[in-house]
Amino acid sequence: MRATMMSTPLTLSHLLDRAARLFGRIEIVSQTPQKSLLRHCYADVQRRARALSQALLAAGLARGDRVATLMWNHHVHLEAYFGIPAAGGVIHTLNLRLHPDDLTYIASHAEDRFLIVDDVLLPILESFAGRVDFERVIVATHSGDAVPSGMQRYEAFLESATDSARLPDIAEDEAAGLCYTSGTTGRPKGVVYSHRALVLHSFACGLADMMGLCQRDVALPVVPMFHVNAWGLPYTATLVGCKQVLPGPHLDPVSLLDLCERERVTLSAGVPTVWLGLLRELDAAPDRWKLAPGLRLLVGGSAAPPSMIRGFDRHGLHVMHLWGMTETTPLGTASTLKSYLEDLPEEEQLAVRATQGLPAPFVEARAMGEQGEAAWDGKTLGELQVRGPWIADGYFKVPESDRWTDDGWFCTGDVVSIDPEGYVKIADRTKDLIKSGGEWISSVELENALMGHASVREAAVIAIPDPRWQERPLAVVVLEEGAQVTADELRAFLADRFAKWWIPDAFEFVDSIPRTATNKFLKSALRAQFASRGGSERDA
Ligand code: ADP
């Protein structure tokens, strides 16, 4: 066979090396816990990431060893994103919002050898360190305080690097990263990302119809670097060489808006709760912040309510809806309007933008129902299954799993319809669907509609057992401050857009909805809390 092209390995180091060479002075801005801004540039990050690689090798890091991080978003985390994989190690991001028992399980299961931790997060480390065997703990300090005995300062660790430690040649299929699912659906499971998957994922994220990043952008990931590669933004931003603004621990709406204004941010990414908070501030004081015109907000992790998308449109900010999961690196789908859909009436455009969107290139999607693959008719529901080069092929140290089909597709556990144009729309997670009288009710649709009511801050809809209908929807609602609205008023509000049997019989008004470590509604807790609220009030 004749030679075709060179088989240059797709490895992460190339992204940073190129950024340092071509865009060396582009800034990486990090907000410290004390709220000051540290300014580095790609040339600095590359130099320091390289020192980290060498120091790790000098400390005995072997191929494939896991190095855990317990950090907010800032330049040291970015250095770890590149420095650990370049040394042949695997960066294992620990989610600092997890319970100490989960952190113990995850760090032990992953057999993490080293840990890099923020000084401000040492109290979290203390809550589980005694149960885990880290060989070395390296502390990224933001103050002059001494580090606890037995631990080492990050800066001192970098200085221990010797230039002689040659970085290994890495093959593209080697492991680069590890992230555990947050256990919304059972015991956390580890997903291992290869260099190749992360590089291809970065190319896809950069596409104009996906995240649409270019060198002139200023990217601010609100989504934490400790969860699913911060949706790939740090790698994609480095691939295109754009400025990155890393917010540290200050994720409240006002701090984020201040930072966006100050650093001229053009693209940010986070879960709907973050954006709902920002929207409230903008609505209350529309002229307070001078944001970059056309600022794009990527939203994912749970469904973006259409009312929120419309709310940001009013401020000239563009919301783009993405879907993904830990097992999909995470970009799976993105919702951009096709050229010929731009003529649709505004409401219909909004409905399309609120879907989870079109599969990314190389991500194949199908909805599987009981009778096989569901038609792409926008109505028939089935479980979303996906496959592609950045979709996991198994879990770390788990020999068997029923999440993969015999013909090689990953079962997402999301129930969707796909319309004739290919837009995927999530109705629910399999376990959250409500089956009433043999028919499915989508909790996501009810929640989105309720969150469009001016008095409703948050709404989660769950199934509760019902002797007559098997299950009925119950709405758990958090009202805006000072707002007053009755269950009957909310029922009337929903009655315009849903069949009568979809309308929740029962409403519970609460102060807050419990959340998972990734800021999603913890519906299992709500189901446990309200299970006894059953009883058939539905008309026959
Ligand atoms: P966890 O399983 O801990 O929730 P993930 O962060 O991997 O962890 O979450 C993936 C899930 O989040 C998806 O399976 C889906 O249910 C939900 N999800 C992600 N993005 C969206 C979205 N845009 N709209 C609705 N649901 C979403």
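Parameters at a glance
Residues numbered from 1 in each chain as written. Predicted model: local features only at pLDDT ≥ 70, side-chain atom pairs only at ≥ 80, totals over all residues. Heavy atoms only, no water. Helix = DSSP H or I, 4+ residues; strand = E, 2+ residues; numbered from the N terminus. Rg over C-alpha atoms; globule rule 2.2 N^0.38 Å. Buried < 20%, exposed > 50% of the residue type's maximum accessible area, 1.4 Å probe, protein only. Areas by Shrake-Rupley, 256 points an atom, 1.4 Å probe, with all protein chains shown as cover. Lys, Arg positive; Asp, Glu negative; His and termini not counted. Charge placed at Lys NZ, Arg CZ, Asp CG, Glu CD. Near = heavy atom within 4 Å. Polar contact = N/O pair within 3.5 Å; in protein donor to acceptor, adjacent residues only side chain to side chain. Axes fitted to C-alpha atoms, helices over the stretch in contact; angles between N-to-C directions. Parallel < 35°, antiparallel > 145°, perpendicular 65-115°, else oblique. Contact = heavy atoms within 4.5 Å. Nonpolar A, V, L, I, M, F, W, Y, C, P; charged D, E, K, R; others polar. Pairing = 2+ DSSP bridges. Salt bridge = Lys/Arg side-chain N within 4 Å of Asp/Glu carboxyl O. Core = buried A, V, L, I, M, F, W, Y, C linked by side-chain atoms within 4.5 Å. Expected span 1.5 Å × (residues − 1). pLDDT = per-residue confidence, 0-100.

A.B. asks: Before we go on, may I ask you to explain the overall build of the protein chain in this structure?
C.D. replies: When helices and strands are counted, the protein chain shows 15 helices and 26 strands. The C-alpha atoms of the protein chain give a radius of gyration of 24 Å, which matches the 24 Å a tight globule of 540 residues would have. Projected onto the principal axes, the alpha-carbon positions of the protein chain cover approximately 80 × 60 × 50 Å. The buried share among the 540 residues of the protein chain stands at 57%. Working note: accessible area of the protein chain is about 22800 Å², and carbon and sulfur atoms make up 51% of it. For the protein chain, the centre of its 53 positive side-chain charges and the centre of its 69 negative side-chain charges are spaced 3 Å apart.

A.B. asks: Please clarify how the site of the ligand should be interpreted in this entry.
C.D. replies: In the vicinity of the ligand, 19 residues are found, and the nearest of them are S182, L322, D414, R429 and K520. Between the ligand and the protein, one listed contact pairs a nitrogen atom with a backbone N or O atom of L322 at 2.7 Å. In isolation the ligand has 570 Å² of accessible area, and contact with the protein removes 94% of it. For the shell around the ligand, the elements supplying multiple residues, two or more each, are β14 (318-324) and β21 (424-429). Sorting elements by how many residues they give to the shell around the ligand places β14 first, with 4 residues.

A.B. asks: Explain the packing of helix α9 (residues 253-263) against helix α10 (residues 272-284) to me, please; I cannot follow it from the model alone.
C.D. replies: Geometrically, a packed helix pair is captured by the angle between its two axes and the distance between the axes. As a packed pair, α9 and α10 sit with axes 9 Å apart at the nearest point and diverge in direction by 75°. On the basis of their axis angle, the class for α9 and α10 is roughly perpendicular. Only V274, G277, L278, E281 and L282 of α10 make contact with α9, whose side of the interface consists of P253, V254, L256 and L257. For the contact of α9 with α10, the residue count by class is 7 nonpolar, 1 polar and 1 charged.

A.B. asks: I keep staring at the sheet that holds strand β6 (residues 136-140) and nothing clicks. Help me out?
C.D. replies: Hydrogen bonding along the main chain pairs the strands of a sheet, whether they run parallel or antiparallel. Across the sheet, 7 strands lie side by side as β7-β6-β5-β3-β4-β8-β9; this open sheet has mixed pairing. Taken across any chain shown, the strands that pair with only one partner, and hence form the sheet edges, are β7 (151-153) and β9 (190-194). If you compare each strand with its neighbour and ignore which way they point, the axes differ by 25° on average. Across 3 bridges, β6 lies against β7 in parallel orientation. Bridge pairing in β7 links V137 to M151. Where helix α4 (residues 100-110) meets the sheet, it contacts β3 (66-70), β4 (90-93) and β8 (175-180), and its direction lies at approximately 155° from that of β8.

A.B. asks: What is the right way to read the pattern of salt bridges from this model?
C.D. replies: Side chains that differ in sign of charge can pair as their charged atoms come close. Across all of its chains, the model carries 31 salt bridges by this definition. Close ionic contact of D44 with R47 constitutes a salt bridge, the shortest N to O distance being 3.0 Å. One end of the pair is D44 and the other is R47, both in helix α2 (residues 42-58) and 3 residues apart, which spans about a single turn. Two residues, E135 and R113, come together in a salt bridge whose shortest N-O distance is 2.9 Å. Highlighted residues: E135 in the loop between α5 (122-126) and β6 and R113 in the loop between α4 and β5 (114-118), separated in sequence by 22 residues. Classification of E135 by relative accessible area gives exposed; the value is 51%.

A.B. asks: What am I meant to see in the nonpolar core here?
C.D. replies: Side chains that are nonpolar tend, in soluble globular proteins, to be buried together. Counting 147 residues, the largest nonpolar core has L52, F82, I116, W275, M308, F312 and L494 as the members making the most contacts within it. If near-sequence neighbours (up to four positions away) are discounted, M308 is found in contact with P272, W275, L276, L279, V299 and V319. Of all hydrophobic cores here, the second largest spans 26 residues; its members include I106, V117, F128 and V139.

A.B. asks: Please clarify how unusual backbone geometry should be interpreted in this entry.
C.D. replies: Following T329, the chain continues into P330 via a peptide bond in cis, with omega recorded as 15°. Of note, P330 is situated in the loop between β14 and β15 (331-335). Of note in this structure, F362 is not a glycine but carries a positive phi near 75°. Following the sequence through the fold, F362 ends up in the loop between β16 (358-359) and β17 (364-369). Positive phi is not limited to glycine here, since K397 has a value of about 55°. Take K397: it is sitting in the loop between β19 (382-387) and β20 (410-418). Residue K397 is classed as partly exposed on the basis of its relative accessible area, which comes to 43%.

A.B. asks: Just checking my understanding: could you explain α2 for this structure?
C.D. replies: Helical geometry: 3.6 residues make up each α-helical turn, so side chains three or four residues apart lie on a common side. Counted at 1.5 Å a residue, the expected span for α2 with its 17 residues is 24 Å, and the 24 Å between its end C-alpha atoms agrees. Looking only at α2, the buried set comprises Y42, D44, V45, R48, A49, A51, L52, S53, Q54, A55 and L56. The positive-phi residue at the C-terminal boundary of α2 is G60, with phi of around 100°.

A.B. asks: So what exactly am I meant to see when it comes to the side chain of R403 here?
C.D. replies: For R403, the location among the structural elements is in the loop between β19 and β20. One buried charge, R403, has no salt-bridge partner; the nearest side chain with opposite charge is E327, at 4.2 Å. At 3.2 Å, the side chain of R403 and the backbone oxygen of T412 are in polar contact. Excluding anything up to four places from it in sequence, R403 contacts M325, E327, Y395, W409, F410, C411, T412 and G413.

A.B. asks: Honestly, the pairing of β19 in this entry has me stumped. Any pointers?
C.D. replies: The two faces of a sheet get side chains in turn, since along a regular strand they alternate between them. For β17 and β19, the ladder comprises 5 bridges, and the chain directions are antiparallel. In the sheet register, R366 faces β19, and the bridge partner there is Q385. In this structure, β19 lies alongside β20, joined through 4 bridges in antiparallel fashion. Counterpart to G382 in the pairing with β20 is V416.

A.B. asks: Got a minute to help me understand the confidence of the model for the protein chain in this structure?
C.D. replies: Reading predicted coordinates in detail is not appropriate for stretches of low pLDDT. For the protein chain, per-residue confidence averages 94 on the pLDDT scale, and 98% of positions sit at 70 or higher. Predicted confidence is poor over residues 535-540, with pLDDT under 50, and the contacts of this stretch with residues over four places away or in other chains come to 17 contacts.

A.B. asks: Looking at this structure, I do not really get the environment of L12. What am I missing?
C.D. replies: Take L12: it is sitting in helix α1 (residues 12-22). Measuring from C-alpha to C-alpha, the distance between L12 and Y81 comes to 9.0 Å, with 69 residues separating the pair along the chain. Each residue touching L12, except ones within four places of it in the same chain, is listed here: Y81, F82, P85, A176, H195, L198, V199 and Y235.

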